[in-house]
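# Examining the three-dimensional arrangement
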Amino acid sequence: MSSTTEADPDPGGEGIEVTEAAAEEAVSLLDDEDMDTDVAGLRLFVQQGGCAGLSYGMRFEFEPDDDDTVHEHHDLRVFVDPASIDYVEGSVLDFDGGLQGEGFHVENPNVVSECGCGESFRT
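A brief structural summary. Bear in mind that the values here come from a model prediction, so they are computed numbers and not experimental data.

## Here we look at the pattern of salt bridges
Within this structure, the stated rule accounts for 5 salt bridges. When the shortest N-O distance is used, the salt bridge between Arg43 and Asp68 registers 2.4 Å. Residue Arg43 is found in strand 3 (residues 41-48), and its partner Asp68 is found in the loop between strand 4 (54-61) and strand 5 (69-73); the two are separated by 25 residues along the sequence. When its relative accessible area of 3% is taken as the criterion, Arg43 is described as buried. Exposure remark for Asp68: the relative accessible area of 2% places this residue in the buried category. Arg77 is paired through a salt bridge with Glu72; the nearest N and O atoms lie 3.5 Å apart. Judged by relative accessible area, which is 15%, Arg77 ranks as buried.

## Structural notes on the environment of Glu107
As for its placement among the helices and strands, Glu107 is situated in strand 8 (residues 103-107). Classification of Glu107 by relative accessible area gives partly exposed; the value is 41%. Sequence separation of Glu107 and Gly90 is 17 residues, and the distance between their C-alpha atoms is 8.8 Å. If sequence neighbours within four positions are ignored, Glu107 has contacts with Ser91, Val92 and Asp94.

## So, unusual backbone geometry
Here the phi dihedral of Asp34 falls at roughly 55 degrees; this positive angle occurs in a residue that is not glycine. Here Asp34 lies in the loop between helix 1 (20-32) and strand 3. Judged by relative accessible area, Asp34 falls into the exposed class, the value being 70%. The backbone phi angle of Asp75 is positive, close to 70 degrees, even though this residue is not glycine. Mapped onto the fold, Asp75 is located in the loop between strand 5 and strand 6 (76-80). By relative accessible area, Asp75 is classed as exposed at 68%.

What counts, and where the lines are drawn
Residues numbered from 1 in each chain as written. Predicted model: local features only at pLDDT ≥ 70, side-chain atom pairs only at ≥ 80, totals over all residues. Heavy atoms only, no water. Salt bridge = Lys/Arg side-chain N within 4 Å of Asp/Glu carboxyl O. Helix = DSSP H or I, 4+ residues; strand = E, 2+ residues; numbered from the N terminus. Buried < 20%, exposed > 50% of the residue type's maximum accessible area, 1.4 Å probe, protein only. Contact = heavy atoms within 4.5 Å.

From the geometry alone we can't say anything about function, so treat these as descriptive.
Have a look at this one:
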């Protein structure tokens, strides 16, 4: 199941996709924190920082803010604030586990350059 909701009835853009692996890992972590996955979710945001200018942030929240765009994929709710949505539209949130795994990462088609370590970007 995949859907998008937001307070603004005309969200525009392409939205955000979440791989099944990322959703399963995030939902498992939410469950470990005793958070209600019907309401709680993963916040994805963009902040100033890093050598390329912008970086991603993620944290779990109990509910979205009123002006958030909410994306639902594989039973995971992803919250994106209005200031971040233009930077992450069209992105794919993925999870890579294992010994050399990176954890959660964003594949963003809007990025024009990244720093050497991949922690920050520029659009």
